[in-house]
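# Reading the structure
Each chain is listed here by its residues.
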Amino acid sequence: MGVTLLSGCGSQQLLSIGDLSSGYNREVAFMSIFAIALSIIIFVGVSYALFFTVNKFREDKHTAEPAQFHGNNRLELILVVVPVIIVMFLAVLTVRSMAILNPVAETSTKIDVLGRQFWWNFSYPETKADAGGTVTNGNEMIMPIKQDVALTITSGDVIHGFWAPNVGGQRAAMPATLKTWNVDTDRAGVYQGNCSQLCGASHANMRYKVVALDQERYNTFLAAAKAYRAPEPAADSPEARGYAIFMQGKPATGALACAACHRVQGTPAAGAAGPDLSFFGTRRTLGAGMWEFMTEEHWETPRAKEILHAWIKHSPLVKPGSLMPTYDGSEYLASGKKVKGGVLTDEEIDDVAAYLRGLKLPEEANYWNDTPVYGSSDAAASDTAASVPAQTAKTTQPTPGGNQ
Ligand code: CUA
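Reading the values: the criteria
- Along each chain, numbering runs from 1 in the same order as the chain's sequence is written.
- Residue-level local features of this predicted model are given only where pLDDT is at least 70; pairs of side-chain atoms are given and counted only at 80 or more, and the full residue set underlies all totals for whole chains, interfaces and linings.
- Only hydrogens and water are removed before side-chain values are computed, so all heavy atoms of the structure are retained for them.
- One requirement defines pairing of two strands: DSSP has to find at least two bridges between them.
- Starting at the N terminus, helices and strands are each numbered in turn, a helix being any DSSP run of H or I of at least four residues and a strand any DSSP run of E of at least two.
- Axes here mean lines fitted to C-alpha atoms, for a helix over just the part in contact, with angles spanning 0 to 180 degrees between N-to-C directions.
- Working rule for contacts: check all heavy atoms of both residues, and any pair within 4.5 Å makes them a contact.
- Patch definition: residues above 30% relative accessible area lacking any salt bridge, with like charges linked at up to 9 Å and the nonpolar side chains Val, Leu, Ile, Met, Phe, Trp and Tyr linked at up to 5 Å.
- Each accessible area value is a Shrake-Rupley result obtained with a 1.4 Å probe; residue values ignore everything except the protein chains displayed when judging cover.
- Salt bridge, as applied in this entry: a Lys or Arg side-chain nitrogen positioned within 4 Å of an Asp or Glu carboxyl oxygen.
- Counted as positive: Lys and Arg. Counted as negative: Asp and Glu. His and the chain ends are not counted at all.
- For the purpose of locating charges, the reference atoms are NZ of Lys, CZ of Arg, CG of Asp and CD of Glu.
- The predictor rates its confidence in each residue with pLDDT, a number between 0 and 100.
- For the exposure calls, accessible area comes from a 1.4 Å probe over protein chains only, and a residue counts as buried if that area is under 20% of its type's maximum, exposed if over 50%, partly exposed in between.
- Throughout this description, any angle smaller than 35 degrees is read as roughly parallel, any larger than 145 degrees as roughly antiparallel, any in the 65 to 115 degree range as roughly perpendicular, and the remainder as oblique.

## What to know about the sheet that holds strand β10 (residues 207-213)
- Reading across from one edge, β4-β10-β9-β6-β7 is the order of the five strands in this open sheet, with mixed pairing throughout. Unpaired on one side and paired on the other, β4 (140-144) and β7 (171-173) mark the two borders of the sheet. Within the sheet, the average angular offset between the axes of one strand and its neighbour, ignoring direction, is 30°.
- Where strand β6 (residues 160-163) lies against strand β9 (residues 189-195), two bridges are found, and the strand directions are antiparallel. Residue F162 lies in a different strand from β9, and its bridge partner there is C195.
- Along the sheet, helix α4 (residues 215-227) contacts β4 and β10; its crossing angle with β4, the most-contacted strand, is approximately 130°.

Following this line, the structure appears as structure tokens:
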């Protein structure tokens, strides 16, 4: 039923708990066979009993009142014992599956998941970067195949839900709570993940990609990510000007530094209020999966450049509830208060974008290369899924839902 329901609405990628490349899904499917078979038997049995009695004891005006009696011990016993057996059988099946799926092995690959309004960070706690800090990627989770991957989830604000059904079950991200569980898949590929708990204005725009790689490519990614230091831009290049604004902002107009909220590995930027941007140039999604650029050119396409520009300039306008400051002088919400954003010129915004596009992992560690996008019918066209509103509007979108 899940397969039928879920596959119908995927405008971008197939989400399915019926994806049997995941051991978790295989176990759930095995359990479901018994539950569904029992349900069918019960349905047929009850329907038969209903029609049988309605037919046999239907009112007949030509006979006298039917025999009156009270109680039927044998029937009552059956009606108690049979459901108890059914429920116990299902309970044993469920406990069996939980006992198989829940234990987290010491040797499992570990990934820490942080959900926030409205984005995700995925950290690799066992991999300390040479440049300091832990290897972390925003909104794109890289995991190895053919093994249990132990995810530990928490939230930085409200309750979110991690849900990438192709690799296993969902878990809620709760503030001040750590929960660990396993996901897995046998097939290398890119899978869609969504937030599954209503969490505010951009709940529907809180997506991510799970990129499952074979062990060798996963190791290559981790090794490159460990050694990574953001490339130093050439003097007087757009990237160098973008770097300066990224690190210091533009105090003359009150434009805030990106580095206050974002981390870029190997630079002084160590902010934690926003997603990690260390490998931004390698990523193919923007705004926590709100836009996808699933081609090799990704950021170099005119459409990607246009959206990235709009995103930096006035993020809450293109993504409701986004907590990024604005850079076109309009108001935005900071800690629940309306404040006026600083101003960057269009050229300066493009400089910042150029700097971001250059933050790339070495090509051999590019996890997108030759990784099939699972269940995608229109990968190339999917970057048109969400449109960018006109940039003329100067008002901030209302941001309901208790953004802080
Ligand atoms: Cu986070 Cu819905």
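## Quick notes on a negative patch on the surface
- A contiguous patch of negative charge on the surface is contributed by E296, E297, E363, E364 and D370.
- Within the fold, E363 resides in the segment after α8 (346-357).

## A closer look at the confidence of the model for the protein
- The share of residues in the protein with pLDDT of 70 or more is 89%, and the mean pLDDT across the chain is 88.
- Between residues 379-386, whose pLDDT stays under 50, and residues either more than four places distant or in other chains, the model counts 13 contacts.
- Scored below 50 in pLDDT, residues 390-404 shows 33 contacts in the model against residues more than four places distant or in partner chains.

## What to know about the environment of A131
- Turning to its location among the elements, A131 is positioned in the loop between β2 (119-128) and β3 (134-138).
- On the basis of relative accessible area, A131 is assigned to the partly exposed category, the value being 29%.
- On a C-alpha basis, the gap between A131 and A227 in space is 7.4 Å, while along the polypeptide they are 96 residues apart.
- Excluding anything up to four places from it in sequence, A131 contacts Y228, R229, Q265 and G266.

## A short note on the packing of helix α5 (residues 238-248) against α8
- One way to put it is that α5 packs onto α8 with a least axis distance of 7 Å and a crossing angle of 100°. Taken together, the axes of α5 and α8 are roughly perpendicular relative to one another. Residues P238, E239, R241, G242, Y243, I245, F246 and M247 of α5 form the contact with α8, whose participating residues are E348, D351, V352, A354, Y355 and L356.

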